[in-house]
Amino acid sequence: MKYLADYQEGERVVAFCLVKNKEAGVASNQSEYLNLELGDRSGTLMAKLWDVSAEMKEAIAVKSVVKIDAAVQMYRGKKQLVIQRIRPASASDEVLMESLIPVSPVPVDELWDKLEQKINGLQSGTLKAIINEALADGEIRERIRHYPAGVRMHHNYYHGLLEHIVSLLTASERLLPLYPQVDRDVLYATCIMHDIGKLYELSDPVAPDYTTPGQLIGHLVMGVEMVSSICRKLDIPMGDAEVLHLKHCILSHHGEVENGWGSAVSGKTPTAVLFHYLDQIDSKMNALGQTLADMGEEDEWAYAGVLKRKVWRGY
């Protein structure tokens, strides 16, 4: 199966795509047109639809799925699509979401099984109860199974957040024997709950953007609010040491406050400090992996946004 990234200049594209963005314009002859950003699991391309009717403008909505018949052209050194025909997808088309957006390479059920194994292995009744109560909520459970970990920087694909959580749990398990001063259960609970606020900071798993609460409050504080709400529901004291420690790790996991990366407090326990660096390692290595994967076969250097510098693939 060919995806958008596989097509070259001059080729015809007949495919289903996700509408990532839409902008209307008026041509010199006063006819209206649309600039569209269309995507599938291979990435996105800009597309032009000329002489668009009012009905078509209404039918083509952001985050909707459309079927296109288009030609690939070069414009200012980049590929773009010139659409000849377009229509909204219908239920009978049976379009798979996994074909429209980037997806974690690890199957979601495999990741979920690993997550459940770690939860079942927790020795702390308090932390296990908090996590199980969170996952008992059908909306939270489904969002964890589908949401990305971010919009752009790392694990920014379908069920990327779950992949990130399981990767952190795996790294934690391997490093714990080296650092006996770290609280095992709090570390595992932080791996699972540190980004739970992203389930409401981000709008959706298909074409995510930041919600109003996400922009005004942020996922660290939103995550702690969710933990507090669960504790009230389960009559767990807010002053419980493990609860305080978990909240501290969530609020400090972006590192030192002075760095300006969003932490409410700087890490004040070995567990919080270790988790911050684990999160940094996993997020940056994932982003760098994506940068290298996107490079052309002949490319030796590429700019990595996560590091704000070029990286070398000549080793």
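Residues numbered from 1 in each chain as written. Predicted model: local features only at pLDDT ≥ 70, side-chain atom pairs only at ≥ 80, totals over all residues. Heavy atoms only, no water.

A. Expanded view of the overall build of the protein chain. Within the protein chain one finds eleven helices and seven strands. With the C-alpha coordinates aligned to their principal axes, the bounding extent of the protein chain is approximately 70 × 50 × 35 Å. With 315 residues in all, the protein chain has 47% of them scored as buried. Contacts in the protein chain between residues far apart in sequence, at least 24 positions, make up 56% of those at least 6 positions apart. Accessible surface computed for the protein chain: about 16400 Å², of which carbon and sulfur atoms make up 51%. The averaged location of the 43 negative side-chain charges in the protein chain is 3 Å from the averaged location of its 33 positive side-chain charges. (Helix = DSSP H or I, 4+ residues; strand = E, 2+ residues; numbered from the N terminus. Buried < 20%, exposed > 50% of the residue type's maximum accessible area, 1.4 Å probe, protein only. Contact = heavy atoms within 4.5 Å. Areas by Shrake-Rupley, 256 points an atom, 1.4 Å probe, with all protein chains shown as cover. Lys, Arg positive; Asp, Glu negative; His and termini not counted. Charge placed at Lys NZ, Arg CZ, Asp CG, Glu CD.)

B. Spatial organisation of the sheet that holds strand 5 (residues 78-88). With mixed pairing, the five strands of this closed barrel are ordered in space as 1-2-3-5-4. Adjacent strand axes in the sheet meet at a mean angle of 50° when their direction is disregarded. Of the strand pairs in this sheet, strand 3 (residues 43-49) and strand 5 are connected by three bridges, and their pairing is parallel. In the strand pairing of strand 5, Met46 is matched with Gln80. (Pairing = 2+ DSSP bridges. Axes fitted to C-alpha atoms, helices over the stretch in contact; angles between N-to-C directions.)

C. How the structure looks around the packing of aromatic side chains. Taken as a whole, this structure holds two aromatic pairs when the rule is applied. Where Tyr33 meets Trp50, the ring centres are 5.2 Å apart and the plane angle is 50°; that geometry is what we call tilted. Placement of Tyr33 in strand 2 (residues 32-40) and of Trp50 in the loop between strand 3 and helix 1 (54-59) is noted, with a sequence separation of 17 residues between them. On the basis of relative accessibility, which here comes to 42%, the residue Trp50 falls in the partly exposed class. (Phe/Tyr/Trp six-rings, centres within 6.5 Å; stacked < 30°, edge-to-face > 60°.)

D. How the structure looks around unusual backbone geometry. The phi dihedral of Lys63 falls on the positive side, at around 75°, and the residue is not glycine. In this structure, Lys63 sits in the loop between helix 1 and strand 4 (65-75). Note on Lys63: relative accessible area 37%, which makes it partly exposed. We note that Arg76 has phi near 55°; this positive angle belongs to a residue other than glycine. Structurally, the position occupied by Arg76 is in the loop between strand 4 and strand 5.

E. Focus on helix 5 (residues 160-175). Counted at 1.5 Å a residue, the expected span for helix 5 with its 16 residues is 22 Å, and the 23 Å between its end C-alpha atoms agrees. The complete set of buried residues in helix 5 reads Gly160, Leu161, Leu162, Glu163, His164, Ile165, Val166, Leu168, Leu169 and Ser172. For helix 5, the elements touching its buried residues are helix 2 (108-120), helix 4 (138-146), helix 6 (184-193), helix 7 (198-201) and helix 11 (270-293). (Expected span 1.5 Å × (residues − 1).)

F. Region of the structure containing helix 2. Here helix 2 spans 18 Å end to end across 13 residues, near enough to the 18 Å set by a 1.5 Å rise per residue. Looking at helix 2, one finds that the buried residues are Val108, Leu111, Trp112, Leu115, Lys118 and Ile119. With its buried residues spanning 120° around the axis, helix 2 presents them on a single face. Facing away from the buried side of helix 2 by more than 90 degrees, the exposed set consists of Gln117 and Asn120. The inward-facing, buried residues of helix 2 abut helix 3 (125-136), helix 4, helix 5 and helix 6. (Arc of directions from axis to C-beta.)

G. View of the nonpolar core. Counting 50 residues, the largest nonpolar core has Leu115, Ile131, Leu162, Ile192 and Met193 as its most contacted members. In terms of residue count, helix 6 provides more of this core than any other element does, seven residues in total. Setting aside residues up to four positions removed in sequence, Ile131 forms contacts with Ile119, Leu122, Ala189, Ile192 and Met193. Of all hydrophobic cores here, the second largest spans 21 residues; its members include Leu38, Val52, Ile68 and Val72. (Core = buried A, V, L, I, M, F, W, Y, C linked by side-chain atoms within 4.5 Å.)

H. Representation of the pairing of strand 3. Note: strand 2 against strand 3, seven bridges, orientation antiparallel. Bridging from a neighbouring strand, Leu38 pairs with Leu45 of strand 3. Taking the residues that link successive antiparallel strands as the turn, the strand 2-strand 3 hairpin has two residues.

I. Representation of the pairing of strand 7 (residues 309-312) in the model. With four bridges joining them, strand 6 (residues 301-304) and strand 7 adopt antiparallel strand pairing. Residue pairing for strand 7: Ala302 is matched across the bridge by Val311. Connecting the antiparallel pair strand 6 and strand 7 is a turn made up of four residues, with Lys308 showing a positive phi of about 60°.

J. Just the pattern of salt bridges, in detail. For the coordinates displayed, the defined rule picks out 13 salt bridges. Ionic pairing is found between Lys114 and Glu110, a salt bridge with its closest N-O pair at 3.6 Å. Placement of both Lys114 and Glu110 in helix 2 is noted, with a separation of four residues, approximately one turn of the helix. On the basis of relative accessibility, which here comes to 38%, the residue Lys114 falls in the partly exposed class. One network of salt bridges, in which partners are shared, links Arg12, Asp69 and Arg85. (Salt bridge = Lys/Arg side-chain N within 4 Å of Asp/Glu carboxyl O.)

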